[in-house]
Structure formats: C-alpha cells, structure tokens
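Results of the structural survey
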Amino acid sequence: MPVALIVLAAGQGTRMNSDRPKVLHLLGGAPILAHAIRAGWALEPERVVVVVAPGAEDVAAAARAWDETAAVAVQQAPRGTAHAVLAARPALAGYAGDVLVLYGDTPFISPETLQAMAAARARAGIVVLGFQPADPARYGRLVMRGDRLERIVEWAEASQAERALGLCNSGVVMADADVLMQLAAEVRADNAKGEFYLTDIVALGAARGIAATVVLCPESETLGINTREELLVAERIFQERMRGAALASGVAMPAPDTVVFALDTHLGREATVEPYVVFGPGVTVESGARIRSFSHLEGCHVSRGAVVGPFARLRPGAELAEEVHVGNFVEIKNAILGEGAKANHLSYIGDAEVGAKANIGAGTITCNYDGVFKHRTRIGAGAFVGSNTALVAPVSIGDAAMTAAGSTITADVPAGALAIARARQETRAGLARRLMERLRAARAARGGGVGET
Ligand code: UD1
Ligand code: MG
C-alpha cells in the first residue's frame, strides 16, 4: 500500500519565545522539521506534504532543502489539526493510498513504530499512535472499547473519569487518504477551543462503521518540542542515539560524549573519530578515515584512508579523495583534493582543485575573493606549493610545478615550471653587528636604560 506523508507545521510555537518559527530551531544541526520529515521516510512515502502558516517562506524552504520532493501547503489560519490536514488535500490530488500524519515538532518517532502502524492498517481503517506517559498532563485521551479505539477526547473537553485515563494521543495517525480527508471535512469546531480537532475523526469514523485501533510506542518517541528547555533535552537524546548508532556500526570513537553529530552524519565502518570533533550537517566520512581531535566538519566528504586534523576545519564543498592529509589549522572550502594530496599546516584552500599527490606548503592561502567575486585556483597533480605562497585567483599551477616559499602568485605557472615571486634577498656582511654597536652607543650617551620610543 503506498503511503503519503502530511507533516503539520503551521502552529505558532509561541513558547519558544523566539522570532524564528519553532520547527526551524536546530536539533542535531538540522531544523526540527527535518527530523520529523525524515522520520516519515521510514515508510518510503510516495508524496510528502508539509503544511505551513501563511508567509512561512523559511519553513517551506527548509522543508524543500531536507526533502526535495516535499510539496508545501499553506494553512490560511491556525484553526486546528483537522483544518491543517485539509490544507494538504490539494497537494494530494490524484493520490490513492494511505496517509500518515506527523507533527513537525515531534522528531523521534521510530521506523519500527511507523512500520507497526502500517501493519495495523490491516485490522482497522484508522490507526492512532498512543502512549502511556509518566504524566498524562493535557494530552488528548484515548477512549477504548476492548481493543477498538472508540474516540479521542481532548483534555479541555474530558470528564473527570476521562482525564483519569492513562492512555494518550501522540497525534500521529494513519488512514486511507479519501477516508481521512472526508472525515476531516466533517469535523466541526464545536469545542472549548473553537478548533477543528483531527482527533474527532475517530468518533466520526466509528459512526460510519470505520474501525480505529491504537498502536503503542514509548513516551520518548512522542517527545514534542515546545520550549528551549525541551529542545535541550531532545538534543541530549539525539546525540546519545547517534553516538550509540556510530559505535554499533563499527566506528572507533574513544570519547563519544565529546563528539557532536548532525542529523545526516554518515560514518563508515572502521572510521576513527578522536575526542572533541563537531559534525555539522552533510558530512560523510568513509571507512578507515581518521578525524582527529578538535576538528569541525560540515557539508564535506572524506574518503578512505584520509586523515583530518587535529584542529582542521572542513567547510561545505570540501571533497577529500583517498589518503588525503589535512592537518592543523587548515581550512578547506568548496575544494576538491585529489588522491594523496597533503595540506598539513596553517592554510586556507577555497574554491580550488588540488591534483593528486600535490603538496601544499605551510601557510599557503588561496586568495579566492576580490571583494566582489570569488575565483578558482587550480593546482596540478604532483605540484609543490612552497610555504607561505599566496595564490591570487583565478590562477593555475601546472602538474609537477613548484612555487618558491613566500611567493605571491598572480600568473599561471606552466607544468613543470618553478615560479619565484618575491623580492630577491640581499645579504650585507657585518651590517647587523655594526647596527647593534651604533644603537648601544646611543643608549650609553643617553645614560643607559631602555629609552622611550
Ligand atoms: C494535539 C492533539 C492531542 C494530542 C497532542 C499530542 C488535536 C486536536 N489534539 O494537541 O490529542 O495529545 O497533540 O501532542 O489534534 N498545527 C497546525 N495547524 C493548526 C494547529 C496545529 O499545523 O491549526 C500543528 C502544530 O504546529 C503542531 C501540531 O499540529 O505541530 C499539533 O498542534 P498542537 O496545537 O500542539 O496540538 P495539541 O493541542 O498539543
Ligand atoms: Mg502540542
């Protein structure tokens, strides 16, 4: 049975006390919304629709950035969860199959739970994800009759006896698309909040002979983020999971508590991650590569056998081939380093291509920015760039070419050539000694001591 995903993200999120929409706050280096969408990927959805508030261009952009297939639907006013689901209806035109509804602020629903929900669709028209929280607080309550879900009652409307029920609604629900949309359209806002409650579809369905059932999950999965404090709790949980998963998949990581992961960090088997490494979004480290302490990586790819750090920074677009070495205080941005290339000390390599086995001397800088435009630098295979070379882009260094230490290279260097672009050295015999004598004599004439300047 095909599945479509609707992710609700049109709520206000006022408790974050932030100018930024709640679902765009970062968890594991990625918007909370990205976690919710990717949780839904477990069911390989045919379509993904994210429901946003009017004018929430930034939320729409984040949705598309983290799922390029995502359609964005606008809910004109926040009139309740059923109203939000209906806003997704046009985006599902022509679709037949099941729909899974998730909340954009609920990042941890597991693949196993979603698979259990999909399986439960065989025995009921509507499947609701329930949980038994330590403190049921103001969650909607699930009113059961045997193993059937009879209705969901929101806390505001619940009787004393209903509030005493420990079984709560997570908000995650799955049903056939037509059934879901038809029932959602029948929901009325005749309740305490004057909202269109999606939860009402259970009772409406029951009246039409559509059965509903409940799948249970641990409370930890339904954790929704409403405050900055809850975001911190979620971050801790997220990091713990990523560290555990990395270790289980065969990554060597002697101090996991000091390593920070992002949502999409991929580490190959036998990769080594030393203490105090930060992974921003979009990092892939292949098997056998080694990320040494105090390195910061984002949007980059590190191939087998490469060594990065200690104290290295890989920025978006850094692509390191096998056996590349990037050492301390080296920054790489939007640059491809060919197999076995080395930049071991104190360099900036940006907007560049570096050929295989090229050696970048300490202190080399690609001067890629002229104040308005960015320009590229090409360094050929086997080239040797002398220490403290400034490569003023656009410029290219040919295969097996060299630059002399301290050169400022403004013109292309052909293959095999040596470019020297610095003042020629002058050496004057005895001048240092004579200069010092003159200075000391001047001090004695003033009566000693270190004079004021
Ligand atoms: C909802 C459930 C409740 C459940 C709880 C779990 C309903 C009526 N109630 O309550 O049974 O226990 O979640 O957390 O569904 N949203 C929109 N547009 C709207 C309203 C909400 O997109 O008009 C989105 C929100 O951004 C949020 C989600 O839907 O991601 C849930 O909305 P929220 O207002 O938090 O619902 P609750 O009152 O918590
Ligand atoms: Mg809520």
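Residues numbered from 1 in each chain as written. Chains lettered and ligands numbered in written order. Predicted model: local features only at pLDDT ≥ 70, side-chain atom pairs only at ≥ 80, totals over all residues. Heavy atoms only, no water.

Observations concerning the side chain of Thr222
For Thr222, the location among the structural elements is in the loop between β11 (212–216) and α8 (228–248). Here Thr222 falls in the buried class, since its relative accessible area comes to 8%. (Helix = DSSP H or I, 4+ residues; strand = E, 2+ residues; numbered from the N terminus. Buried < 20%, exposed > 50% of the residue type's maximum accessible area, 1.4 Å probe, protein only.)

A few points about the pattern of salt bridges
Under the definition given, this model contains 15 salt bridges. A salt bridge links Arg151 to Glu150, with the nearest nitrogen and oxygen atoms 3.9 Å apart. Residue Glu150 is classed as partly exposed on the basis of its relative accessible area of 26%. When the shortest N-O distance is used, the salt bridge between Glu353 and Arg376 registers 3.1 Å. Note that Glu353 is positioned in strand β23 (residues 342–354) and Arg376 in the loop between β25 (365–367) and β26 (377–379), a separation of 23 residues in sequence. Given a relative accessible area of 28%, Glu353 falls into the partly exposed group. We classify Arg376 as partly exposed; its relative accessible area is 29%. (Salt bridge = Lys/Arg side-chain N within 4 Å of Asp/Glu carboxyl O.)

Some words on the side chain of Ser407
Secondary-structure assignment places Ser407 in the loop between β30 (402–403) and β31 (408–409). Looking at Ser407, its side chain comes within polar contact range of the main-chain nitrogen of Ala421, at 3.0 Å. Among residues more than four places away in sequence, those in contact with Ser407 are Asn388, Thr389, Ala390, Ala419, Ile420 and Ala421. (Polar contact = N/O pair within 3.5 Å; in protein donor to acceptor, adjacent residues only side chain to side chain. Contact = heavy atoms within 4.5 Å.)

Describing the packing of helix α1 (residues 32–40) against helix α2 (residues 57–66)
Two elements in contact, α1 and α2, have axes separated by 9 Å at closest approach and are oriented at 45°. Here α2 runs oblique to α1, going by the angle between their axes. Of the two elements, α1 crosses α2, and the hand of that crossing is right-handed. Here Leu33, Ala34, Ile37 and Arg38 of α1 lie close against α2, whose contacting residues are Val59, Ala63 and Trp66. Here the contact of α1 with α2 is built from residues that sort into 6 nonpolar, no polar and 1 charged. (Axes fitted to C-alpha atoms, helices over the stretch in contact; angles between N-to-C directions. Parallel < 35°, antiparallel > 145°, perpendicular 65-115°, else oblique. Left-handed = near helix turned anticlockwise from the far one by under 90°. Nonpolar A, V, L, I, M, F, W, Y, C, P; charged D, E, K, R; others polar.)

A short note on a nonpolar patch on the surface
A contiguous nonpolar surface patch, about 540 Å² in accessible area, is contributed by Tyr276, Phe294, Phe311, Phe329 and Leu346. Inspection of the secondary structure puts Leu346 in strand β23. Residue classification places Leu346 among the partly exposed positions, given a relative accessible area of 48%. (Patch = residues over 30% accessible without salt bridge, like charges linked within 9 Å, V, L, I, M, F, W, Y side chains within 5 Å. Areas by Shrake-Rupley, 256 points an atom, 1.4 Å probe, with all protein chains shown as cover.)

Digging into the layout of surface pockets
Each pocket or cavity is described by its volume, and for the second largest pocket that value is around 410 Å³. Broken down by secondary-structure element, the contributors of at least two residues to the lining of the second largest pocket are α1 and α8. When the residues that make up the lining of the second largest pocket are grouped by side-chain class, the tally is 10 nonpolar, 3 polar and 3 charged. Of the residues that make up the lining of the second largest pocket, three or more belong to each of domain 1 (3–222) and domain 2 (241–419). (1 Å grid on protein atoms, 1.4 Å probe; cavity = no way out; pocket = protein on both sides within 12 Å on 5 of 7 lines; lining within 4 Å. Points joined across faces, edges and corners; volume = space filled by probe spheres on them. Domains from an automatic or database assignment.)

What about the nonpolar core?
Among the nonpolar cores identified, the biggest contains 55 residues, and Phe279, Val302 and Leu314 are the most heavily contacted of them. For this core, the elements supplying multiple residues, two or more each, are α8, β20 (312–314), β21 (318–320), β22 (325–337), β23 and β29 (395–397). Two domains each put at least three residues into this core: domain 1 (3–222) and domain 2 (241–419). If sequence neighbours within four positions are ignored, Val302 has contacts with Thr284, Val285, Glu286, Ala289, Ile291, Leu297, Val308, Leu314 and Leu320. Ranked by size, the runner-up nonpolar core spans 36 residues in total, among them Ala10, Val101, Ala177 and Ala184. (Core = buried A, V, L, I, M, F, W, Y, C linked by side-chain atoms within 4.5 Å.)

Brief notes about the domain arrangement of the chain
What the domain assignment reports for the chain is domain 1 (3–222) and domain 2 (241–419). Between domain 1 and domain 2, the residue contacts involve 9 residues of the former and 6 residues of the latter. Taking both sides of the interface into account, the surface hidden between domain 1 and domain 2 amounts to around 560 Å²; carbon and sulfur atoms contribute 65%. The tally of links from domain 1 across to domain 2 stands at 0 salt bridges. On inspection of domain 1 and its partner domain 2, the count reaches 1 residue pair in polar contact (both at pLDDT 80 or more). Tallying contributions element by element places α1 first for the side of domain 1 that touches domain 2, with 3 residues. (Buried area = accessible area lost by both parts, 1.4 Å probe.)

A look at empty space enclosed by the protein
Applying the stated criterion across every chain yields a total of 1 cavity of 30 Å³ or more. Empty space within the largest cavity amounts to approximately 30 Å³. Going through the elements one at a time, α1 and β6 (98–103) are the ones with two or more residues in the lining of the largest cavity. Class assignment of the residues belonging to the lining of the largest cavity gives a composition of 6 nonpolar, 1 polar and no charged.

Quick notes on unusual backbone geometry
Between Gly309 and the following residue, Pro310, the backbone shows a cis peptide bond with an omega angle of 5°. With respect to the secondary-structure elements, Pro310 resides in the loop between β19 (307–308) and β20. The backbone phi angle of Asn334 is positive, close to 45°, even though this residue is not glycine. Locating Asn334 in the fold gives a position in strand β22. On the basis of relative accessibility, which here comes to 32%, the residue Asn334 falls in the partly exposed class. In this structure, Ala400 is a non-glycine residue whose phi angle is positive, near 55°. With respect to the helices and strands, Ala400 occurs in the loop between β29 and β30. On the basis of relative accessibility, which here comes to 49%, the residue Ala400 falls in the partly exposed class.

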